[in-house]
Amino acid sequence: MNRREFLEVLAAASAGGFPLAGRGATARNASNVYDVPRFGNVHLLHFTDCHGQLLPTYFREPSVNLGLGDAAGHPPHLVSEAFLRHFGVAPGTRDAYAFTSRDFIAAARTYGKVGGFAHLATLVERLKASRPAALLLDGGDSWQGSATALWTKGQDMVDASKLLGVDAMTGHWEFTLGAERVKEVVEGDFKGRVDFLAQNVRTADFGDPVFAPYVMREQNGVPIAIVGQAFPYTPIANPRYFVLDWSFGIREQELQQVVDEVRGKGAQVVVLLSHNGMDVDLKLASRVRGIDAILGGHTHDGVPRPSVIANAGGKTLVTNAGCNGKFLAVLDVDVRNGNVADFRYKLLPVFANLLPARSDMAALISRARSPYENRLQEKLAVTEGMLYRRGNFNGSFDQLILDGLMAEKNAEIAFSPGFRWGTTLLPGQSITLEQLMNQTAITYPYVTVNELSGETIKIILEDVADNLFNPDPYYQQGGDMVRVGGLQYTCDPAAAMGSRISAMTLNGTPLSANKRYKVAGWAPVSEESRVAGGEPVWELMARYLRGQKTIRPRALNLPKLVGVDGNPGLAR
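Report follows, based on the coordinates.

Conventions we followed
- Residues numbered from 1 in each chain as written.
- Predicted model: local features only at pLDDT ≥ 70, side-chain atom pairs only at ≥ 80, totals over all residues.
- Heavy atoms only, no water.
- Axes fitted to C-alpha atoms, helices over the stretch in contact; angles between N-to-C directions.
- Helix = DSSP H or I, 4+ residues; strand = E, 2+ residues; numbered from the N terminus.
- Parallel < 35°, antiparallel > 145°, perpendicular 65-115°, else oblique.
- Left-handed = near helix turned anticlockwise from the far one by under 90°.
- Contact = heavy atoms within 4.5 Å.
- Phe/Tyr/Trp six-rings, centres within 6.5 Å; stacked < 30°, edge-to-face > 60°.
- Buried < 20%, exposed > 50% of the residue type's maximum accessible area, 1.4 Å probe, protein only.
- Core = buried A, V, L, I, M, F, W, Y, C linked by side-chain atoms within 4.5 Å.
- Nonpolar A, V, L, I, M, F, W, Y, C, P; charged D, E, K, R; others polar.
- Pairing = 2+ DSSP bridges.
- 1 Å grid on protein atoms, 1.4 Å probe; cavity = no way out; pocket = protein on both sides within 12 Å on 5 of 7 lines; lining within 4 Å.
- Points joined across faces, edges and corners; volume = space filled by probe spheres on them.

1. Points about the packing of helix α6 (residues 117-130) against helix α8 (residues 155-164)
Then, in step 1: At a minimum axis separation of 10 Å, α6 and α8 run at an interaxial angle of 20°. Between α6 and α8, the crossing angle belongs to the class labelled roughly parallel. The handedness of the crossing between α6 and α8 is right-handed. Taken together, the residues of α8 that come into contact with α6 (itself represented by F117, L120, A121 and V124) are M157, A160, S161 and L164.

Below is the structure:
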C-alpha cells in the first residue's frame, strides 16, 4: 500500500468512527480480537437484525431479560453479572461491554461504537481470506430501522447487502415494506446473487410456497443445505395488510419434510437460517430431526456459545447473533465421512475502532446518505442522560416517547410498542432527527388517541404479557412488554394467562373497569388505523424535542414485579 492509499483508508476509517489516536495499539489489539483460526471444511458467517444501521452505533444490551420455568437461568435469559459468570467473561473487559449493560456508559466511552457495514465488511473480508468458500448468511430485519431504510424502501440496505457479499437471507420487518416491494427485490436486485429463503411462507389461498424453502451449496466437496425460516407471526405482530395474500407460521411438520428432502438430496450439513427467536428455536431443535445448526435471530440475543439440544435424530446447535450489525458469528464445521464430527463457534463483536472501514462500502454508504444528510443531522435536543430501548419492560428512549405522547396529546396514559430495535445515546449527545428515526422508522407510524375503559386497558396489558411470558415458546411473539406511561401496575410474569396484571393505578387512584381514559399510542396494526391516517410519531416527537431543547434523565415508569427474586435475567 502506497502513502496515498494509506491516507485514503485512514480517512475512510476516521469517517466511520475509527479513532486516529493510538492507531498502532488499536491495530495490535485487533489482531488478537479477530484472530480466529480456520477449522474444519465448512464455514458459515452469520449476522442478523441489523435494522438498517449502516454506520457504527452504541447499543446497550438489556438489564432485564426474564426467563421463566425451564428457561430460567439458561441462555438467552442471563444479564449482567449472571451472563458474565455463565460465559466466563471478565468484568470491565471489551467483551463485557459488548455482551452486557454493565457499566455501559463508562465502557462505551472507553471502547467506542460498534457495528457499521464498512467495518463489518472489513471483518467479513478478513475471515474469508482464510475461508475462501465461506457462506455469508443474513438472518433478516435488515431493511428496516433507520430513516434511510424507510425513505429508500430498503434500497440502501439491499445495495449494502449485495456489496457485503450476502449469500442467503430470510425475513421479518422486510415484509412491512409490503409484499410487492419484497418480491421486487427478490426477483430483481437479488436474482442470481442472494437467495431469499422462507420455507414457512405460503400463499393464503392454496398454500403454495412464496419463496424458495432452501438452497443447496457445496463447500470443499461437502454438500450443504441452508433452509430459511421467516418470522412466523408476521401478520400478527405487524399489520396483516402488508402481506394479505401470504400465510405464515412455524410449520414444524413442513420443516421436517424439507429437512428430510435435503438430506435425501445428499446434504451432509443442514442449517436453519431462522428468524423465530431463540426460545422458539430451542424448542424447535428438540422436535425436528436432522438440523445440524440453527443460526437464529429476532430476539436480538448476543449469545457467545451455542446451546446443544438433543432430539430424536441427534443434536442441534442453537445460536443467536445479536443485532444492529454489532456481531458477526463464525461457525466452522468439520465434516468427516458424510457426518458432522466437530465444530467451532465464535461470536465476534464488531468494534468500529478496531476495524478500519472498507473503502468501497464506506463510499456506498456515503452515496446512499448524501441526499438526506442535512435532514438527518438536524439537532432536535440534547440529552443529559443515557437514552436506550432494549429491556423487557421499558427503556429511557421509550419513556421519552411516552412522555412526548402524553404531553402533545394531553393524554392520561400512553402506550409505546415493545420494539427491540433502536440505538443508544450517551449523556451529552445531541438527539438528531436520525437518532429519533432510529427508534421510530416504520411504515405504520400513525399516532392514535382513544378512549379506553379500564377493563380494555387490562386486557391489552394481559395480551402483550402473554406474548412475552407464555410458558410455551411457540406462543411467544418475541417482542418486549408494551411500554406504559402514566399508569402504574403490578406484573407477575409466572402467573397464568389473564392473571399477570394487577393493581393498576393512575395518579395513585385504582383504575375503574368501566371508566374510560384518554390513551395515546402509535404503530397501530389495524387496517382502520391506516385508513384513518394520523400524524407520524416522529413528527410529534420532533416537535416535542424542539420545544424541550434539553432532555433531563428519564425516570422510568416500571411495573412492580413479583415472583422474580433471584432471577438471573434481572440485573441487581
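Alright, that's what it looks like, and here's the rest.
2. Notes on the packing of aromatic side chains
Then, in step 1: The tally for this structure, following the rule as stated, stands at 24 aromatic pairs.
Then, in step 2: Ring plane angle 80° and centroid distance 5.8 Å describe the contact between W173 and W421, whose orientation is recorded as edge-to-face. In this pair, W173 sits in the loop between β3 (168-169) and α9 (179-189) while W421 sits in the loop between β16 (413-416) and β17 (430-432), placing the two residues 248 residues apart along the sequence. Accessibility classification places W173 together with W421 in one group, the buried group.
Then, in step 3: Taking the centre distance of 4.7 Å and the plane angle of 55° together, the rings of Y241 and F242 count as tilted.

3. Some remarks on the nonpolar core
Then, in step 1: Core analysis: the biggest nonpolar cluster contains 119 residues, and F117, W143, L164, F211, I226 and L328 have the highest contact counts within it.
Then, in step 2: If sequence neighbours within four positions are ignored, L328 has contacts with L45, H46, F47, L120, L123, V124, L127, L136, K346, L347, L348 and V350.
Then, in step 3: Formed by 40 residues, the second largest nonpolar core is a distinct cluster that contains W173, A520, W538 and A542.

4. Focus: the packing of α6 against helix α13 (residues 359-369)
Then, in step 1: As a packed pair, α6 and α13 sit with axes 8 Å apart at the nearest point and diverge in direction by 155°. Taken together, α6 and α13 sit at an angle that is classed as roughly antiparallel. When the axes of α6 and α13 are compared, the crossing they make is right-handed. Where α6 abuts α13, its residues F117, A118 and A121 lie against M361, A362 and I365.
Then, in step 2: For the contact of α6 with α13, the per-class residue count stands at six nonpolar, no polar and no charged.

5. Description of the sheet that holds strand β21 (residues 501-506)
Then, in step 1: Pairing within the open sheet is mixed, and its four strands lie in the order β22-β21-β20-β25. Here the strands that pair on one side only, and so sit at the sheet edges, are β22 (509-510) and β25 (560-561).
Then, in step 2: The pairing of strand β20 (residues 487-491) with β25 spans two bridges and is classified as parallel. Counted as the bridge partner of C491 is L561 from β25.
Then, in step 3: Contacts from helix α17 (residues 454-469) reach β20 and β21 within the one sheet, and its direction differs from that of β21 by about 135°.

6. Some words on the sheet that holds strand β18 (residues 447-453)
Consider a sheet: its strands pair through backbone hydrogen bonds, and that pairing is either parallel or antiparallel.
Then, in step 1: Across the sheet, which stays open at both edges, the four strands sit in the order β18-β23-β16-β19 with mixed pairing between neighbours. One side of each edge strand has no neighbouring strand; the edge strands of this open sheet are β18 and β19 (483-485). Ignoring strand direction, the axes of neighbouring strands in this sheet form an average angle of 25°.
Then, in step 2: Of the strand pairs in this sheet, β16 and strand β23 (residues 516-522) are connected by two bridges, and their pairing is parallel.

7. A few points about the layout of surface pockets
Then, in step 1: Volume-wise, the largest pocket comes out at about 1,000 Å³.
Then, in step 2: For the lining of the largest pocket, the elements supplying multiple residues, two or more each, are α10 (234-237), β16, β18, α17 and β23.
Then, in step 3: For the lining of the largest pocket, the leading source of residues is α17, giving six residues.
Then, in step 4: Counted by class, the lining of the largest pocket contains 20 nonpolar, 17 polar and five charged residues.
Then, in step 5: Taken as a whole, the second largest pocket spans an internal volume of roughly 610 Å³.
Then, in step 6: Along the walls of the second largest pocket sit 34 residues, with A71, H77, D279, P473 and Q476 positioned nearest its centre.
Then, in step 7: If one sorts the elements of the lining of the second largest pocket by residue count, helix α12 (residues 278-287) sits on top with five residues.
Then, in step 8: Of the residues belonging to the lining of the second largest pocket, the class tally is 13 nonpolar, 16 polar and five charged.

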